[in-house]
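As a plain string of letters, each chain reads:
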Amino acid sequence: SVVMSNTETSRAELRRQENRARLERISSHAEALIRSHRTGRAVLEIIEGTLEADVLRAASAMAFDLFLAAIALLALAGWLFGQLIQDGSAVHATSLLLDRTPDAVRGLAENHLSRFSPSAFAPLALLGALWLSSSATATGMSLLEDRFRTTPRPWWKRRLIAIAAVLAGITI
């Protein structure tokens, strides 16, 4: 019984080795075919560069920074909404929503909106969104510096350039 299992194990290992050899032949033929075309070479270079430069990890870091920046921008939108409610111009627009809510929820919302000083919070939310957005831009710059093997900039220069890029993107 032990000899049978050893024989079966060796056959399974032989099949795995044959399959690996087939896969290597197929992949080398596919790579040669792809590299024979200009577009194929460009696609392979992009894929190899992506894997080499650890782009996926950097992309997740950038997405996280932009997600946090979106939270700060939502806070800024809340400030703007609060300004509209305090001026009374948005009361009519929100009356449909507030009329459909229970009295306890409506009272709680009106109480908190009247106590909230949005003008003190708006600059903080705006600066937070700018800082977090520039973090994503700085991460992208760092990735490109690594990819093209250039001398990395000091963090403060990279951050200033990133902030300028974000501000330019907002104004455009």
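Computed from a predicted model, the values in this text were never measured in an experiment.

(A) Representation of the overall build of the protein chain. Within the protein chain, the regular secondary structure consists of seven helices and zero strands. Secondary structure elements of the protein chain, listed N to C terminal, follow the sequence α-α-α-α-α-α-α. Relative to its 172 residues, the protein chain shows a buried fraction of 19%. Considering only intrachain contacts with a sequence separation of at least 6, the fraction spanning at least 24 residues in the protein chain is 68%. Of the roughly 12900 Å² that the protein chain leaves accessible, carbon and sulfur atoms contribute 67%.

(B) Representation of the side chain of S134. Relative to the elements of secondary structure, S134 occurs in helix α6 (residues 118–147). Not counting residues up to four positions away in its chain, the partners in contact with S134 are R159, A162, I163 and V166.

(C) Focus on the packing of aromatic side chains. By the definition in use, this model includes zero aromatic pairs. For R159, the ring lying beneath its charged end belongs to W131, and the centroid distance is 3.9 Å.

(D) Geometry of helix α7 (residues 155–171). Taking 1.5 Å of rise per residue, 17 residues should cover 24 Å, and α7 covers 24 Å from first to last C-alpha, within 8% of that figure. Turning to α7, its buried residues number three or more, namely R158, R159, A162, I163 and V166. Looking straight down α7, one finds that the buried residues subtend no more than 135° of arc, so they occupy a single side. In this structure, α7 carries L160 and T171 as exposed residues pointing more than 90 degrees from its buried face.

(E) Inspection of the pattern of salt bridges at higher detail. Under the counting rule described, the total for this entry stands at three salt bridges. The partner of E13 in a salt bridge is R16, with the nearest N and O atoms 3.2 Å apart. In this pair, E13 and R16 both sit in helix α1 (residues 2–35), three residues apart, roughly one turn of the helix. A relative accessible area of 30% places E13 in the partly exposed class.

(F) Summary view of the environment of A136. Structurally, A136 is set in helix α6. With 76 residues separating them along the chain, A136 and S60 place their C-alpha atoms 9.7 Å apart. Excluding residues that lie within four positions of it along the chain, A136 makes contacts with M62, D65 and L66.

(G) Main features of a nonpolar patch on the surface. There is a patch of nonpolar side chains on the surface, built from W131, W155, W156 and L160 and spanning about 530 Å² of accessible area. For the nonpolar patch, the element with the most residues is α7, which contributes three residues. With respect to the secondary-structure elements, W155 resides in helix α7.

(H) Seen up close, the confidence of the model for the protein chain. Of all residues in the protein chain, 78% have pLDDT values of 70 or greater, and the mean over the chain is 78. At the low end of the mean pLDDT range in the protein chain sits helix α4 (residues 91–100), at 59; at the high end sits α7, at 93.

(I) Highlighting the side chain of E145. Residue placement: E145 occurs in helix α6. E145 sits in the buried class, given a relative accessible area of 5%.

Criteria and cut-off values
Residues numbered from 1 in each chain as written. Predicted model: local features only at pLDDT ≥ 70, side-chain atom pairs only at ≥ 80, totals over all residues. Heavy atoms only, no water. Helix = DSSP H or I, 4+ residues; strand = E, 2+ residues; numbered from the N terminus. Buried < 20%, exposed > 50% of the residue type's maximum accessible area, 1.4 Å probe, protein only. Contact = heavy atoms within 4.5 Å. Areas by Shrake-Rupley, 256 points an atom, 1.4 Å probe, with all protein chains shown as cover. Phe/Tyr/Trp six-rings, centres within 6.5 Å; stacked < 30°, edge-to-face > 60°. Lys NZ or Arg CZ within 6 Å of the ring centre and 35° of its normal. Expected span 1.5 Å × (residues − 1). Arc of directions from axis to C-beta. Salt bridge = Lys/Arg side-chain N within 4 Å of Asp/Glu carboxyl O. Patch = residues over 30% accessible without salt bridge, like charges linked within 9 Å, V, L, I, M, F, W, Y side chains within 5 Å. pLDDT = per-residue confidence, 0-100.

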